[in-house]
Amino acid sequence: QVQLVESGGGLVQAGGSLRLSCAHSGRTFSSYAMGWFRQAPGEERMFVAAVTWSGSTTYYADSVKGRFTISRDNTKNTVYLQMNSLKPVDTAIYYCARHNSGSVYSGPSYNYWGQGTQVTVSS
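Just so it is clear, the structure is predicted and the values come from calculations on it, not from any experiment.

Undergrad: I'd like a description of the environment of R45, backed by residues and values.
TA: By the element assignment, R45 lies in the loop between β4 (34-39) and β5 (46-51). A residue is classified by how much of its surface remains accessible, and R45, at 38% relative accessible area, is partly exposed.

Undergrad: I'd like a description of the packing of aromatic side chains, backed by residues and values.
TA: The geometry of an aromatic ring pair comes down to the distance between the two centres and the angle between the two planes. As enumerated under the stated definition, the model contains 6 aromatic pairs in all. Between F37 and W113 the ring centres are 5.0 Å apart and the planes differ by 55°, which places this aromatic pair in the tilted class. Taken as a pair, F37 in strand β4 and W113 in strand β10 (residues 110-113) lie far apart in primary sequence, 76 residues in all. You can call W113 partly exposed: its relative accessible area is 25%. Against the face of W113 rests R45, its NZ or CZ located 4.1 Å from the ring centre. We note R98 situated over the ring of Y32; from NZ or CZ to the ring centre the distance is 3.7 Å.

Undergrad: Please set out the state of the cysteines residue by residue, giving values where relevant.
TA: Under the criterion given, the structure shown has 1 disulfide. A sulfur-sulfur separation of 1.8 Å characterises the disulfide bridge that pairs C22 with C96. Across the disulfide from C22 to C96, rotation about the S-S bond amounts to roughly 50°, and the bridge is consequently right-handed. Placement of the pair is C22 in strand β3 (residues 18-24) and C96 in strand β9 (residues 92-99), with a sequence separation of 74 residues. Of the two residues, C22 and C96, neither departs from the other in class, the shared state being buried.

The rules we used
- Residues numbered from 1 in each chain as written.
- Predicted model: local features only at pLDDT ≥ 70, side-chain atom pairs only at ≥ 80, totals over all residues.
- Heavy atoms only, no water.
- Helix = DSSP H or I, 4+ residues; strand = E, 2+ residues; numbered from the N terminus.
- Buried < 20%, exposed > 50% of the residue type's maximum accessible area, 1.4 Å probe, protein only.
- Phe/Tyr/Trp six-rings, centres within 6.5 Å; stacked < 30°, edge-to-face > 60°.
- Lys NZ or Arg CZ within 6 Å of the ring centre and 35° of its normal.
- Disulfide = S-S within 2.5 Å.

Written out as structure tokens, the structure reads:
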């Protein structure tokens, strides 16, 4: 019954910004940490960012720290990824996911995934 739907992707020039949104359909959204992952063609899915259930603690991959900000609004059942100073290397499909157990850095720790939204950064 849980559905995650990402939106906000698109084409942006290097140095630009995008904000991704992930809408969670379930009533228990606020009980779970949420994460963002990304995957480029021919590459492994990689952790980007995560946020605890309360939104008080965040985690970032070193490659995006200082540029990306994850946040959530539990009243709206939505998690966001604000992406600034985008680089071509950020080009990927971005997925949001709901954490289940284990390390928030690890994909297998999440048990629900969205379909992804494409982010393309041109140079």
